[in-house]
Amino acid sequence: MNYEITLLTTMAISVIFALSLNLITGFCGQISLGHAAFQGVGAYAAAMLAKAGWPFFATLPVAMLLAGALGVVVGMASLRVREDFLAITTMGVVFLFVGVVRQQDWLGGELGLSAIPDHGLGKTGFMGVTLLACVAVALLSIHIRRTWMGRVFNGIAEDEDTMRVLGIDVPRYKLAAFAIGTALAGLSGAFYAYHLQFIGAENFGFIESITVLSMVVFGGIGSVAWVLIAAALLSALPAWFQVIGDYKLLVYGGLLFVMMRFSPGGMAALARRLFNPMATREGKS
Amino acid sequence: MKSLPPFAPKLLAAAVALALPVGAAWADIKIGFNVPSTGFAAADGKSALDGAKLAVAEANAKGGIAGEKLELVVYDDQASPKEAVPAVTKMIEKDKVVVGVSGSYSGSTRAAASIFQKAQVPYVVAYAIHPDITLAGDYMFRVSAMGEVQGRGGAKLVQNLGKKNVVVITVKNDFGQSLAAGFKEGASELSLKIINEYEYGMADRQFGPLVSKVKADNPEVIYASGYYFNAGPLVSQLRAAGVTVPIIGQEGYDSEKFVDIAGPASEGTLITTSLDRDSDSTVTQTFLANFRKATGVGADMVAASSYTATSVAIEGLRKTGGKGGEALKNALASGTYDTPIGKLAFNDLHEVQKNLQVQIVKDKAFHRHSVISDAVLLAPPSKPK
Amino acid sequence: MLFIELIAQGLVQGSIYALIALGLTLVYGLLRILHVAHAALFTLGAYVGVLVCNASGSLAVAFVCAAVVAGIAGVLMYRLAYQPLLSQPPFVALIASIGLYIAAEEAFRIVFGAQGLSFTQPSLQGQVTLGGLQFKQAELMVMIGTVAIIAVLAWLQSRTRVGVACQATVSDPQMAESFGISLRQVRDINFFIGSALAGFAGVWVALLNNLVEPTMGSVPSYKALAIIVLGGLGSVPGTLAAALVLGVVEAFGTIYLGQLLDRNAIAFAFLIAVLMVRPQGLFARR
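Residues numbered from 1 in each chain as written. Chains lettered and ligands numbered in written order. Predicted model: local features only at pLDDT ≥ 70, side-chain atom pairs only at ≥ 80, totals over all residues.

1. Here we look at the overall build of chain B
Per the secondary structure count, chain B includes 14 helices and 14 strands. Dimensions of chain B, computed from the C-alpha atoms along their principal axes, are close to 95 × 45 × 40 Å. Buried residues in chain B amount to 59% of all 385 residues. For chain B, contacts bridging at least 24 residues in sequence account for 71% of all contacts bridging at least 6. (Helix = DSSP H or I, 4+ residues; strand = E, 2+ residues; numbered from the N terminus. Buried ≥ 20, exposed ≤ 12 C-beta atoms within 10 Å, placed from the backbone. Contact = placed C-beta atoms within 7 Å.)

In C-alpha cells:
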C-alpha cells in the first residue's frame, strides 16, 4: 500500500501547487513563469522550522505567510510591467531565488536540507492531510470565483483597462491574487518538504515552474476541476510511464504541444466539446 | 460440518501457483537500480546503467546465485528527489527487490536512502557523495570516496608536486562544494596558499571572464572541479589563453569525452580518481576490456563505480544465497571486495577507505601518474558517537 | 588590463546571445509570440554543423548547411505550430513552444546520445593577439560576424522593399495586406532568417566549446527572452545592444559577484533592476 499512498500524496501536493497557480494565472490572467520560487520559500521555511523542533502543523501557517509575503513583493513588481514582461520578470524571480538560496550555507547551500524530521502522522495520516488540503484549496478556488473578487479577477483577465475605467482598484486585486496564490504554493512547499524529507534549491527552479504552468494550461486555465485532474494525471505520469522509460519526456513534450495545438483551452475545452457541443463558451468548469 | 479432504491444502496451493504469472514461479533475484536516464544528468545515467548491466550480465553468465538469475530492475529518477521517492517505493513494495543500487546523483539518492532504510533493504551507492546518505542508517553502503576525502587528497597532490599557490575553481553543486571543502581543509593542514576561489554553474561552458581572472592571479597550480562537459571546455580555454600551470581535476573529468573535447589541451591534466587505467589488477583490466566490448566506448568513473556497487551487492547476495534483509546487511558490512576501483572494505559508517589514484592525460588517454595512500588524510568519516 | 579583457569576453558572449536573440525578436516583433522553441533550432544548427564538418572537413559548408537546415525547420515550426494558434491568447503559443522544445531536446538525446558530439578537428582554434588581448580566432570571428550580420539586417529592414514590408506587417498587418504585401511570405522570411541565425550561432558555440549537447539550448533560450525584453521588444538595434550589455554585465558579475549569485541569477537580477527603472526596456522604440 505504501506505493499507492506515496503516489497519492505526491499527486495531492502537485494539485495544490497547480490550483494555486490557477488562481493567479487563471483567474487573474497574470502569467507567472516563476511559481516554483514560492513553493520553495514554503518548503525551506517548513524545513528550517521542523529542524528547529517546531511541530508539523505549526510550520504550515509560517510557510504560507512567508510565501505570500514574497508573493506580494513580486505582485508589486508586476504592477509596473504588463503581460509578456511579467512572464519574464517572474522567470527572473525564480532564477534569483535558486541563485541566492544555493549560496546560503545556513540554508544548506548546494547540499540542501536533509533529515527533515518526520511529521508524526504516519504515511496514511499525512496523505489524509494533503488530500484534505487539496479539497479545501479546490473549494476555496471555486468560492473565490463565485464571489465578487472572482468576478473582478475575471474582469482584469479579460480587459484590464476597462476595469480601471470602471473605478476598480486593479492593483489591489492583482496583489490579492498574488498573495493568495503564492501563499497556497507555500503550503504545497511545506508538504513537499515533509514528504521527501530532503530539499535542494534546484528543486524549485525554472523547469518546475514551467511544469506547473503546463499542468494549468493543459487542464484549461481557470477551470478548477480540470486543472485538478490534469495536475493529478501529469504528476503521476512519470511513474506510469516507466514502461516507456527513455521516451518519457519526449511523450510529455509531445502531449503538451498536441494539446495546445488542437485544444488550446485544455482538457476543459475538450470536455466541453465532447459533452456539450451545442453550448456556447462559458467561463465555467 | 464436513471437513476438507486431506489433500485440499496441497490442491489449493497448486491452484494458486498455477494462477500466478509464470515468471513469479521462478522468481529471479531482483536488484533495484535508480538512475537518471532522462533529464539533465542523462549522460551520467547512461554510463551508470551500462556499468550496472555489465555486472549483472557477468554474474548471470557465471550461473547466477544458487541457480537463480539476477534481474536488474531499472527506474529512471531524472536525478530528482521527487521522482526518486515513488520509484524507489515501488521498487521495494511491488518489485520486491532484495537490494538497491544507486546509479544516481546525491539529491535523489538522499531521498531514496531513508526509504530503503525504513524498509530495511540494503542500498549500495555508486557515486553520490552527499555525506548524509550513509548517515541515513546502517542499511546504507557507499563504494566511492566522499567529496571531502578526495578534496583532501587533491591538496596532498599539490604538495607532492612541490607547489604552494593554488587557485580553486568550483562547480556549483554538492559535488563541487564538498570537493572544495575537503581541499581547503587539506590545504590548511599542508600550509598551501589559496590565492583565489571561483565558482561556476554546472550549465556553463564558456569561461572567458574566469580564464582572464585566473591568468591575472598567476597561480602555480589550479584545482578545478567539474564534469567532463565543464572541464573539457574549461581546460581548453585556459590553455588557449596561455595558462600553462598544472591543472588538477577529479573523477568528474574521468571520461574519454574529456579528451575528445579538449583535444591537445587535455595533455598533462591530472585527476584524482578511483579508476587506474594502468592497473595491474586483473579485475580492473577485465572490467575495462569487457565494458569496451559491451558498449563500444571506454569506461568512465561513473560506469566503474556503478559496476562496482552492483558487484558488491551481488557478492553480498552470494553469501546469503539470494536473501535480503538483515542477513544481507551483515554480509555486505563484513565483506572485502576486489573491484575495478580498488580493494574495498566498509568501516562502521559503511564508507570505504582506499587509496586515491592520480591519473594524467598522456597521448590522448588517462594513465597512472601516482597513488596517494596517506591513510590519515584519506580517512572517511566514521559513525558519529 | 583585466578590465579590458573582461569587457572583451563579455562582448564575445554578447555576440552569441545577440545572434540567438535576434531571431526571437524578429518573431516577437511580428507575432507577439514567445518562441521558446527557437533554442531548439540553435541546437539543431550545432548538431548539423558538427556532423557536416566532421564528414566533409569543411567548416564553411557546415555553416551553410546548419543555417539552411535551421531556417527551414524554423519555417516549418511556424507553419505547423504557430500559424494555427495566432488567434489564441499568447500563453497558448508559449506552452506549445515549451512542449515543442522539450520534445526536441529529447529527440536530440535519443538520436545523438546524451554524451554529446565534438569536432574531430576543430578549426579556428588558433590564438590571435589584438592590442595586448588574446583571442581564439573563433571568438574574434563571431564578434565581427555578428556586427556584420546585424548591420546588414538593419540596412535591409530600412532600405529594401522586403524590409519595409516586414516593418509594415508589424505595425499594421491589415493595412499591409491591403497594399498587396503577402503576410505569409513576410512571416516565412522572418522565421527563416531568424532561425538560420540561431543555427549559425549554434555552430559558433560548438566551435568555441567543442561540445554539442542535447541540452545546450536551455540556457540561451531563457537568456534570449530576457534580452529581447531588455532591448525593447521587436527592436533589432535594441536587441543587439541589450545582448552586448548583458554579456559584459555577466562577465563582470560572474567574477565579482560569483560567491553571491550564480550566472543566471546575475543576468536576471540585472533585467529586473532595469525593468523597475524603465519598464519598457532599455531601448524601446515606442
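2. Digging into the overall build of chain A
Looking only at helices and strands, one finds 12 helices and two strands in chain A. Helices and strands appear in chain A in the N-to-C order α-α-α-α-β-α-α-α-α-β-α-α-α-α. A compact globule built from 285 residues would reach a C-alpha radius of gyration of about 19 Å, and chain A, at 19 Å, matches this within 12%. Expressed along its principal axes, the backbone C-alpha trace of chain A runs to roughly 55 × 45 × 30 Å. Sorting the 285 residues of chain A into buried and exposed places 58% on the buried side. The contacts in chain A between residues at least 6 apart in sequence include a share of 81% that link residues at least 24 apart. (Rg over C-alpha atoms; globule rule 2.2 N^0.38 Å.)

3. Some remarks on the interface of chain B and chain C
Across the boundary between the two partners, chain B contributes 29 residues, which contact 31 residues of chain C. Those elements that place two or more of their residues in the side of chain B that touches chain C are α3 (42-61), β7 (193-200), α9 (208-217), α10 (228-240) and α11 (256-262) of chain B. Class assignment of the residues belonging to the side of chain B that touches chain C gives a composition of 13 nonpolar, eight polar and eight charged. (Nonpolar A, V, L, I, M, F, W, Y, C, P; charged D, E, K, R; others polar.)

4. Concerning the pairing of strand β13 (residues 356-362) of chain B
Residue and element names in this part refer to chain B. Buried residues dominate β13, accounting for five of its seven residues. Across four bridges, the pairing between strand β10 (residues 270-273) and β13 is antiparallel. Along β13, the bridge assignment pairs Thr273 with Gln357. Across seven bridges, β13 lies against strand β14 (residues 365-372) in antiparallel orientation. (Pairing = 2+ DSSP bridges.)

5. Examining the environment of Ser279 of chain B
Residue and element names in this part refer to chain B. Residue position: Ser279 is located in the loop between β10 and α12 (282-295). Given 17 C-beta atoms within a 10 Å radius, Ser279 is considered partly exposed. When the C-alpha positions of Ser279 and Pro219 are compared, they lie 32 Å apart, and in sequence the two are 60 residues distant. Ignoring anything within four residues of it in the chain, the contact list for Ser279 reads Thr284 and Gln285.

6. Observations regarding the sheet that holds β14 of chain B
Residue and element names in this part refer to chain B. The seven strands are arranged β7-β6-β8-β9-β10-β13-β14 in an open sheet whose pairing can be described as mixed. Each edge of the open sheet carries a strand with a single partner, namely β7 and β14. The mean inter-strand angle of the sheet, taken between neighbouring strand axes irrespective of direction, is 25 degrees. Against the sheet, helix α8 (residues 174-189) makes contact with β6 (165-171), β7, β8 (221-224) and β9 (247-250), and its axis sits at roughly 160 degrees relative to β6, the strand it touches most. Across the sheet, α9 lies against β6, β7 and β8, angled at about 180 degrees from β7, the strand it touches most. (Axes fitted to C-alpha atoms, helices over the stretch in contact; angles between N-to-C directions.)

7. Focus: the interface of chain A and chain C
On the chain C side, the residues contacting the 32 residues of chain A number 35 residues. Put simply, the parts of the chain that give the side of chain A that touches chain C at least two residues each are α3 (56-80), α4 (83-101), α9 (206-219) and α11 (248-262) of chain A. Ranked by residue count, the leading element in the side of chain A that touches chain C is α4 of chain A, at 11 residues. In the side of chain A that touches chain C, the residues fall into 20 nonpolar, seven polar and five charged.

8. Quick word on the environment of Ala198 of chain C
All names here are of chain C. Along the chain, the position of Ala198 falls in helix α8 (residues 183-209). C-alpha of Ala198 to C-alpha of Gly23: the two residues are 175 residues apart in sequence and 6.7 Å apart in space. Those residues in contact with Ala198 that sit more than four places away from it in its chain are Ile20, Gly23, His38, Leu41, Phe42, Gly45 and Ala70.

9. Describing the domain arrangement of chain B
For chain B, the assigned domains are domain 1 (27-145 + 280-354) and domain 2 (147-273 + 357-372). The residue inventory of the side of domain 1 of chain B that touches domain 2 of chain B, partitioned by class, reads four nonpolar, three polar and one charged. (Domains from an automatic or database assignment.)

10. A word on helix α14 (residues 325-334) of chain B
Residues and elements named next belong to chain B. Residues Leu328, Lys329 and Leu332 constitute the buried set of α14. Viewed end-on, α14 has its buried residues packed into an arc of 100 degrees, placing them on one side of the element. Elements that come into contact with the buried residues of α14 comprise β3 (99-102), β5 (140-142) and α13 (301-320). (Arc of directions from axis to C-beta.)

11. Notes on the sheet that holds strand β1 (residues 29-35) of chain B
Residue and element names in this part refer to chain B. Read from one edge to the other, the open sheet built from five strands follows the order β2-β1-β3-β4-β5, with strand pairing classed as parallel. On the outer flanks of this sheet lie β2 (70-76) and β5, each paired with one strand and no other. Between one strand axis and the next, the sheet turns by 25 degrees as a mean value, whatever way the strands run. Of the strands in this sheet, β1, β2 and β3 touch α3, which is tilted by about 165 degrees from β2.

12. A closer look at the confidence of the model for chain B
All names here are of chain B. Looking at chain B, pLDDT values average 89 and 93% of them are 70 or higher. Within chain B, the lowest mean pLDDT, 40, falls on helix α2 (residues 22-25), and the highest, 97, falls on β8. Every residue in residues 13-25 scores below 50 in pLDDT, and together they form two contacts with partners more than four places removed in sequence or on other chains. If you check the scores for this complex, the pTM reads 0.86 and the ipTM reads 0.86. (pLDDT = per-residue confidence, 0-100.)

13. A few points about α10 of chain B
Residues and elements named next belong to chain B. Taking 1.5 Å per residue as the helical rise, α10 with its 13 residues ought to reach 18 Å, and the 18 Å between its terminal C-alpha atoms agrees with that figure. Extensive coverage of α10 is indicated by the burial of 12 of its 13 residues. If you check which residues of α10 are buried, you get Tyr228, Phe229, Asn230, Ala231, Gly232, Pro233, Leu234, Val235, Ser236, Gln237, Leu238 and Arg239. Of the residues trailing α10, Gly242 is marked for its positive phi of about 95 degrees. (Expected span 1.5 Å × (residues − 1).)

14. A few points about the packing of helix α2 (residues 36-51) of chain A against helix α8 (residues 170-196) of chain A
Each pair of packed helices can be described by the angle between their axes along with the distance between the axes. All names here are of chain A. For the pair α2 and α8, interaxial distance at closest approach is 6 Å and the crossing angle is 50 degrees. The orientation of α2 with respect to α8, classified from their angle, is oblique. Crossing of α2 against α8: the hand is right-handed. Between α2 and α8, the residues in contact are Phe38, Gln39, Gly40, Val41, Gly42, Ala43, Ala46 and Ala47 and Thr182, Ala185, Gly186, Leu187, Ser188, Gly189, Ala190, Tyr192, Ala193 and Tyr194, respectively. Residues belonging to the contact of α2 with α8 are distributed by class as follows: 11 nonpolar, seven polar and no charged. (Parallel < 35°, antiparallel > 145°, perpendicular 65-115°, else oblique. Left-handed = near helix turned anticlockwise from the far one by under 90°.)

15. Describing unusual backbone geometry
All names here are of chain B. Even without glycine at this site, Lys96 takes up a positive phi of about 55 degrees. Along the chain, Lys96 turns up in the loop between α4 (81-93) and β3. Lys96 gets classed as partly exposed once you count the C-beta atoms within 10 Å, which come to 13. A positive phi angle is found at His350, which is not glycine, with a value near 65 degrees. Along the chain, the position of His350 falls in the loop between β12 (342-345) and β13. Given 25 C-beta atoms within a 10 Å radius, His350 is considered buried.

16. Remarks on the environment of Thr120 of chain C
Take Thr120 of chain C: it is sitting in the loop between α4 (90-112) and β1 (127-130). As for Thr120 of chain C and Gly57 of chain C, which are separated by 63 residues in sequence, their C-alpha atoms are 9.3 Å apart.

17. Structural notes on the pairing of β1 of chain C
Residues and elements named next belong to chain C. Bridge count for β1 against strand β2 (residues 133-136) is four bridges, and the pairing is antiparallel. Its bridge partner being in β2, Leu130 is matched across the sheet by Leu133. Linkage of β1 to β2, two consecutive antiparallel strands, is achieved through a turn of two residues, within which Gly131 is found at a positive phi near 60 degrees.

18. Some words on the packing of helix α2 (residues 38-56) of chain C against α8 of chain C
Residue and element names in this part refer to chain C. Following both chains from N to C, one finds α2 and α8 inclined at 55 degrees, their axes separated by 7 Å at the closest point. The orientation of α2 with respect to α8, classified from their angle, is oblique. The interaxial crossing formed by α2 with α8 has right-handed handedness. From α2, His38, Leu41, Phe42, Thr43, Leu44, Gly45, Ala46, Gly49 and Val50 reach across to α8, where they touch Ser195, Ala198, Gly199, Phe200, Ala201, Gly202, Val203, Val205 and Ala206. Its residues placed into classes, the contact of α2 with α8 shows 11 nonpolar, seven polar and no charged.

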